[in-house]
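Remarks on the overall topology
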Amino acid sequence: MKRRAFLSTAVGTLSAAFSISDSQFRAFGEAFTPRRQSSAPNRPSESRRFESPDFVFEPLVDGVYCAVAKPGAPAGSNSAIVINGDWVLVADTQFRPSAAREVIRGIAQITHFPVRFVVNTHFHNDHTQGNQAYFGVFPKGVEYLSHQNTRRDIVEKAMPRVREEIARMPEDIKNLRQQMEAVRDQTQKLRLKAQLDDAESYLDELRNVDITLPTVTFDSTLFLQGSRSIELHNFGRGHTAGDVVVFLRQEHVLITGDLFLGPHIPYAADSYPSEWITALKKTSQLDFDQVALGHTPPVRGEEARAQMHRLIAFMEDAVSQARDMVKRGKSLQEVIASIDVARYKDHFANWPTHGEPFIARAYAEAAGKQ
């Protein structure tokens, strides 16, 4: 299953105006002048929910937002935004630099302070290909933070995937155009036309993507101090080899990237299932009330914690049963056919597309084929 298949391929049409155009970005970044840091937490005059064409900016606490990609929008992933005194931290940067610039325009509606840190929670292209947008807008200095394995995997996996996609997409676009020209139903034709326009615009951007690499990497924990304390933790391999969660201890806010996705099973093709369980258990021990996810809206309260425990339970069952069946010489097809995890399917919105791939990954790990 392709990575982008997590999201709908339809093009979003909702819109809202911003006051800063693309042509003003560089001047906007250069105009930022950091002010003397106050000892009090930065509190914007109003923490409000607002929208842009492709995002809903959802406030979590004062000065902390989740920019949630709208269903069908080509952004690819969410970003979390944390104002910390006279600077801003952003977690994750979407498939497209244009989507990252849209997030930057949203930040300008929240604060006049500059982005100083960009965190890549993991290497996947839908969280890193927009990195370069921040360097372009804030030329006085942005540090890119990640786990050391994420930097390695951007070089060894994400960058080659960009080249592969550039090579593959012209043929995909050709086939999509032929499909559009062949159909007679106008509704279907319009749907295919939207997909074609989206693919062509994405390819145009992709040809100019040069993923900005993390400039600061760490192994287990990194602390950033300002008007609030920001903790970056790696609890071992999980969704990828270098997942980072961002934790605001005082505010009880957790930012998980794709390590945890609330009522969804995360994409598993690059995962380490048994270690993922350990990483989630350690994450669950943090004292959080709200979770900004890598995809879909934030989750809150006891339901957020219950969702995390359900994901752990499903993973434990799948890993344990797959390991036992591999020991008994079962094939992948036999494991998928006989594994007893159906009781979880009603708890995960994307079970039909993401349940079996996790089981297959658990089988591969148990069989030494990872």
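Scroll up to find the structure.
Residues numbered from 1 in each chain as written. Predicted model: local features only at pLDDT ≥ 70, side-chain atom pairs only at ≥ 80, totals over all residues. Heavy atoms only, no water.

**With respect to the packing of helix 6 (residues 273–284) against helix 7 (residues 301–327)**
When two helices pack together, their arrangement is captured by the angle between the axes and the distance separating the axes. For clarity, the cut-off: Here the axes come from fitting lines to C-alpha atoms, over the contacting stretch only for helices, and the angles between their N-to-C directions go from 0 to 180 degrees. Strands here mean DSSP runs of E at least two residues long; helices mean DSSP runs of H or I at least four residues long; both are numbered from the N terminus. Under this scheme an angle from 65 to 115 degrees is roughly perpendicular, one under 35 degrees roughly parallel, and one over 145 degrees roughly antiparallel; angles in between are oblique. The sense of a crossing depends on the near helix, which, turned anticlockwise from the far helix by less than a right angle, makes the crossing left-handed and, turned clockwise, makes it right-handed. Any pair of residues with heavy atoms lying within 4.5 Å of one another is described as a contacting pair. Throughout this entry, Asp, Glu, Lys and Arg are counted as charged residues, while Ala, Val, Leu, Ile, Met, Phe, Trp, Tyr, Cys and Pro are counted as nonpolar. The remaining residues, Gly among them, count as polar.
Orientation of helix 6 relative to helix 7, taken along the N-to-C sense of each, is 155 degrees, at an axis distance of 9 Å. With respect to their mutual orientation, helix 6 and helix 7 come out roughly antiparallel. Seen along the crossing, helix 6 lies across helix 7 with a hand that is left-handed. Seen from helix 6, the contacting residues are P273, S274, W276, I277, L280, K281, T283 and S284; seen from helix 7, they are R305, M308, H309, L311, I312, M315, E316, V319 and R323. Grouping the constituent residues of the contact of helix 6 with helix 7 by class yields 9 nonpolar, 4 polar and 4 charged.

**So, the pairing of strand 9 (residues 221–225)**
This is how it is decided: For two strands to be treated as a pair, DSSP must find no fewer than two bridges joining them.
The pairing of strand 9 with strand 10 (residues 229–233) spans 5 bridges and is classified as antiparallel. Across the sheet, the residue bridging to F223 is E231, located in strand 10. Hairpin connection, strand 9 to strand 10: the antiparallel pair is bridged by 3 residues.

**Observations regarding the sheet that holds strand 4 (residues 79–84)**
Spatial ordering of the open sheet is given by 1-2-3-4-5-6-7-8, a layout of 8 strands whose pairing is mixed. Edge positions in the sheet fall to strand 1 (50–51) and strand 8 (216–218), since each of these pairs with one other strand and no more. Of the strand pairs in this sheet, strand 7 (residues 143–147) and strand 8 are connected by 3 bridges, and their pairing is parallel. Across the sheet, H147 pairs through a bridge with F218, a residue of strand 8. In the packing of helix 2 (residues 97–110) onto the sheet, the strands contacted are strand 1, strand 2 (55–61), strand 3 (64–69), strand 4, strand 5 (87–91) and strand 6 (115–119), and the crossing angle to strand 2 comes to about 45 degrees. Along the sheet, helix 4 (residues 148–182) makes contact with strand 7 and strand 8, crossing strand 7 at roughly 100 degrees.

**Comments concerning the environment of Q179**
Formally: When accessible area is computed with a 1.4 Å probe and restricted to protein chains, residues below 20% of their type maximum are described as buried, those above 50% as exposed, and intermediate ones as partly exposed.
Checked against the element boundaries, Q179 lands in helix 4. Exposure remark for Q179: the relative accessible area of 43% places this residue in the partly exposed category.

**Brief notes about helix 2**
Let me state the cut-off plainly: In this analysis, the expected span of each helix is defined as 1.5 Å times one less than the number of residues it contains.
Under the 1.5 Å per step criterion, the end-to-end length of helix 2 is 20 Å for 14 residues, consistent within 8% with the ideal 20 Å. The element helix 2 is largely enclosed, with a buried count of 10 among its 14 residues. Taken as a whole, helix 2 has its buried residues at P97, A99, A100, E102, V103, I104, R105, G106, I107 and I110.

**Some details on the nonpolar core**
How we decide: Throughout this description, the term nonpolar core refers to a set of buried Ala, Val, Leu, Ile, Met, Phe, Trp, Tyr and Cys residues connected via side-chain atoms within 4.5 Å.
L280, F314 and F358 are the most contacted members of the largest nonpolar core, which totals 38 residues. Of all elements in the fold, only strand 11 (245–248), helix 6, strand 13 (290–293), helix 7 and helix 9 (351–366) reach the threshold of two or more residues within this core. Dropping the residues within four chain positions of it, F314 is found in contact with I265, V341, Y344, F348, W351, G355 and F358.

**Points about the sheet that holds strand 13**
On the basis of which strands lie adjacent, the open sheet formed by 6 strands has the order 9-10-11-12-13-14 and mixed pairing. The sheet is open, and its two edges are formed by strand 9 and strand 14 (299–300), each paired on a single side.

**Comments concerning the pattern of salt bridges**
Opposite charge on two side chains allows them to pair when their charged atoms are near. Our working definition: What counts as a salt bridge is simple: a side-chain nitrogen of Lys or Arg found within 4 Å of a carboxyl oxygen of Asp or Glu.
All told, the structure shown has 20 salt bridges when counted by the stated rule. For R300, the salt bridge goes to E58, with nearest N and O atoms at 3.7 Å. Of the two residues, R300 sits in strand 14 while E58 sits in strand 2, which places them 242 residues apart along the sequence. For R300, a relative accessible area of 35% puts it in the partly exposed group. A single network of salt bridges, built from pairs that share partners, joins R49, E51, E58, K70 and R300.

**So, the packing of helix 6 against helix 9**
Between helix 6 and helix 9, the least distance of the axes is 8 Å, while the angle of their chain directions is 110 degrees. Relative to helix 9, the element helix 6 lies roughly perpendicular. Side by side, helix 6 and helix 9 meet where P273, S274, E275 and W276 of the first sit next to F358, R361, A362 and E365 of the second. For the contact of helix 6 with helix 9, the class distribution of residues is 4 nonpolar, 1 polar and 3 charged.

**Some thoughts on helix 5 (residues 186–206)**
Cut-off, in case you're wondering: Polar contact is defined as a pair of N or O atoms within 3.5 Å, subject to the rule that within protein one atom must be able to donate a hydrogen and the other to accept it, and that residues adjacent in sequence are counted only when both atoms are side-chain atoms.
Taking 1.5 Å as the rise per residue, helix 5 with 21 residues should run 30 Å; its terminal C-alpha atoms sit 30 Å apart, in good agreement. Here helix 5 has its buried residues at L192, Q195, L196, D198, A199, Y202, L203, E205 and L206. On the buried face of helix 5, the contacting elements are helix 2 and helix 4. Where helix 5 starts, the residue carrying a side-chain oxygen 3.2 Å from the main-chain nitrogen of T187 turns out to be D185.

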